[in-house]
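Per-entry structural report
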Number of protein chains: 2
Amino acid sequence: MNTIPKTGRKQIRVVIAEDQGMVLGALAALLEIEGDITVVARARNGKEALRAVLAHKPDVFITDIEMPEMTGLDVAVELKRQHKDTRVIILTTFARAGYLRRALDAGASGYLLKDMRAEELAEAVRRVQQGLRVIDPELATEAWGEPDPLTDRERQVLRLAGDGVTSLDIANDLGLSEGTIRNYLSEAISKLGAANRTEAARIARAKGWL
Amino acid sequence: MNTIPKTGRKQIRVVIAEDQGMVLGALAALLEIEGDITVVARARNGKEALRAVLAHKPDVFITDIEMPEMTGLDVAVELKRQHKDTRVIILTTFARAGYLRRALDAGASGYLLKDMRAEELAEAVRRVQQGLRVIDPELATEAWGEPDPLTDRERQVLRLAGDGVTSLDIANDLGLSEGTIRNYLSEAISKLGAANRTEAARIARAKGWL
DNA sequence: CCCTGATCGTGACAAATGTCACACAGGCGG
DNA sequence: CCGCCTGTGTGACATTTGTCACGATCAGGG
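Now for a look at the structure at hand. Residue indices begin from 1 for each chain and proceed along its sequence in written order. Here every chain gets a letter starting at A, and every ligand a number starting at 1, in the order they are written. With the structure being a predicted model, the display of local features is reserved for residues of pLDDT at least 70 and the display and counting of side-chain atom pairs for 80 or more, all residues being used for whole-chain, interface and lining totals. Excluded from the side-chain calculations are hydrogens and water; all other atoms, namely the structure's heavy atoms, are used.

1. Regarding the pairing of strand β1 (residues 12-17) of chain B
Residues and elements named next belong to chain B. Burial status follows relative accessibility: with a 1.4 Å probe on protein chains alone, a residue under 20% of its type maximum counts as buried, one over 50% as exposed, and anything between as partly exposed. Put simply, DSSP marks the helices as runs of H or I at least four residues long and the strands as runs of E at least two long, and each gets a number from the N terminus on. Counting buried positions along β1 gives five out of six residues, so the element sits mostly inside the fold. When β1 meets strand β2 (residues 37-43), the two strands line up parallel, connected through six bridges. Opposite R13, over in β2, you have T38 as the bridge partner. In this region the chain leaves β1, passes through helix α1 (residues 21-32) and returns to the parallel neighbour β2; the handedness of that crossover is right-handed. A pair of strands counts as paired when DSSP detects no fewer than two bridges linking them. Look down the strands so they point away from you; if going from the first strand over the helix to the second traces a clockwise path, that crossover is right-handed.

And the structure:
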C-alpha cells in the first residue's frame, strides 16, 4: 500500500463490512491497490458497519450478509429507511434467490458472489458509483423464480426444528400449543415437498428462505 | 503494493489455494504487499493446488479446507506421503477440534482462522518458514479435548440422517436393516448427548466430526 | 486363546412426529 | 359486508423415531 493516490480523479470512498478479519483485511488490500479507491473504514459486524457508514458517508458500502449483531441486509434496509445515498454492494458466499430478492428490495445496487474473480470487485465498485447496477449474471435470471412460500410463523418454527429443537420445546419457546407447531411443520413440509422437518429445513436454507 | 521488494533477504515463495475467487485474489493481494513474500501460484480447488505445489515447490502452501475436488487436508496428507518439504498452513473458517487434529496429523505447520486479524497471516508465513508452528491459541488448548467418539458407521449414518434422509432410506442406501440404522442413530445420539438425530448431526458437525 | 469392540440383526415398547379434519378469531381486499 | 388467508387450537390416527435387551459374527490385541 502507500502508493500515493493517483490524484487525477476524485477518489471513490468505500466502507467495507465483513466478519472474518482475514477476509476483511484482504479485501481492503485488494481495493487499496487500485489507485482510484480508498477504504475509509472497516467494520466487523452490522452495527459497527451502520455507524461507520453514517459517520463517513462513503460513496459505496460493501457488505457481507451473515454477520453478528446485524445482517448486511438489515443494514441496507436501515440505510434506505434513512434515505442515505451511499450505494450498497452485497458481497456474499450464497447464491440464493431469496437473498438477492431481499437485497434488491432493500435498495442494494450490487449483489456479488465471493467466488467471482477478484478483479471484478473494483470494477463493480466503479460501476455502482456511476449509478449502474451490478448483479451476478447467473442469479439475475434465476432470481425471479419461486418466491418464498412460507409464512413468518412457518419460517420461525422451521428454523428451530432444523436445529433439532423438539416440537414441545418450540411450543414453549413461542408460547403456542404443541399441536399448532406440528401443524405448521406439516404445512411447511408439504409446501417444500420434503419428507420430514429436517429435509424441509435443509431445502429452505438452500433457497435462502430461512 | 509495488514497494520494491526489500531484496536484502531471499523472498518467501508461497502458493495459495482457496475456492472463493474473491477471497483468493484478496489474500494474494494482502501477501504481495509484504516485501518479502511472493505468491508464485494460486489454485481454486484441491487438485489444482496439489499440481501447483508439486510444480513450484514453494516454501509455504496456504490452503482452505473445504474445496472442490480435494480437501485442503487431503492435499496436506498427499504432500506428506510424498515427503515434500513445503510447509503447510491451513486457513479456514472453522474452529473445529476435529479439523485441527486432522491437520496436525497431516503434518501441517499452521492452523489459522479466517477471523483472525489480517496482519497475522504474513507473520504466520514468516514463522512457519522458519520452522515454527503457528496454531490459533484458542483452539490449541481445546484441541486435545475430546476425540471423536463415533465409529465410521455411526458417522456415515448420522451424516445422512442430518440431511433429513429417513431411517428406511438410509437402510436401503447402505444395504442394512432399518432396525440397525435406528440402533446406530440411538448410539450416536447418546454419545453426543443430543435429544434426537437432528441435534446430534448439528453437534457432530460443529465439532468437525462429520 | 480369550476379551474387546465394531458390525449387524430382532423384537418390543414408548415417545415424537406427520397428517387430517375441523373450528374460530382477526384482518384485508373487493 | 363477504370471502379468504393467516394464525391458532383440538382430537384422532398412522408412521417414524428413539430406547432397550439380547444375540451372532469377526478382527485384533494381549
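2. Thoughts on the protein's contact with DNA strand D
If you check the shell around DNA strand D, you find 17 residues, and the closest are T151, R153 and Y184 of chain A together with R182 and R197 of chain B. Throughout this document, a residue counts as near a molecule or strand when at least one of its heavy atoms sits within 4 Å of that molecule or strand. When atoms of DNA strand D within 4 Å of the protein are split into backbone and base, the sugar-phosphate part holds 55%. Contact distances for DNA strand D include 2.9 Å between a base oxygen and a side-chain N or O atom of N183 of chain A. Here a polar contact is recorded for every N or O atom pair within 3.5 Å, except that within protein the pair must consist of a potential hydrogen donor and a potential acceptor, and residues adjacent in sequence are included only if both atoms are side-chain atoms. At a separation of 3.1 Å, a phosphate oxygen of DNA strand D approaches a polar side-chain atom of S186 of chain B. For the surface near DNA strand D, the secondary-structure elements that each account for two or more residues are α9 (178-192) of chain A together with α9 (178-192) of chain B. Among the elements that take part in the surface near DNA strand D, α9 of chain A stands out by supplying five residues, more than any other.

3. Things to note about the nonpolar core
L31 of chain A together with L31 of chain B are the most contacted members of the largest nonpolar core, which totals 107 residues. The contact criterion used throughout is that any non-hydrogen atoms of two residues lie within 4.5 Å. Ignoring anything within four residues of it in the chain, the contact list for L31 of chain B reads V14, I16, I37, V39, I62, L121, A122 and V125 of chain B. For the purposes of this section, nonpolar cores are sets of buried Ala, Val, Leu, Ile, Met, Phe, Trp, Tyr and Cys residues that join through side-chain atoms within 4.5 Å. Among the nonpolar cores identified, the runner-up in size contains 18 residues, and V157, I170, A200 and A201 of chain A belong to it.

4. Side note on the sheet that holds strand β3 (residues 60-63) of chain B
All names here are of chain B. Judged by pairing direction, the sheet is parallel, and its six strands sit side by side in the order β2-β1-β3-β4-β5-β6 without closing on themselves. Lying at the two open borders of the sheet, with one neighbouring strand each, are β2 and β6 (134-135). Sheet topology note: the strand β5 (residues 110-113)/β6 ladder contains two bridges and is parallel. Residue Y111 lies in a different strand from β6, and its bridge partner there is I135. Note on definitions: angles span 0 to 180 degrees between N-to-C directions of axes, and those axes are lines fitted to C-alpha atoms, for helices only across the stretch in contact. Seen against the sheet, helix α2 (residues 46-56) touches β1, β2 and β3 and runs at an angle of roughly 140° to β2.

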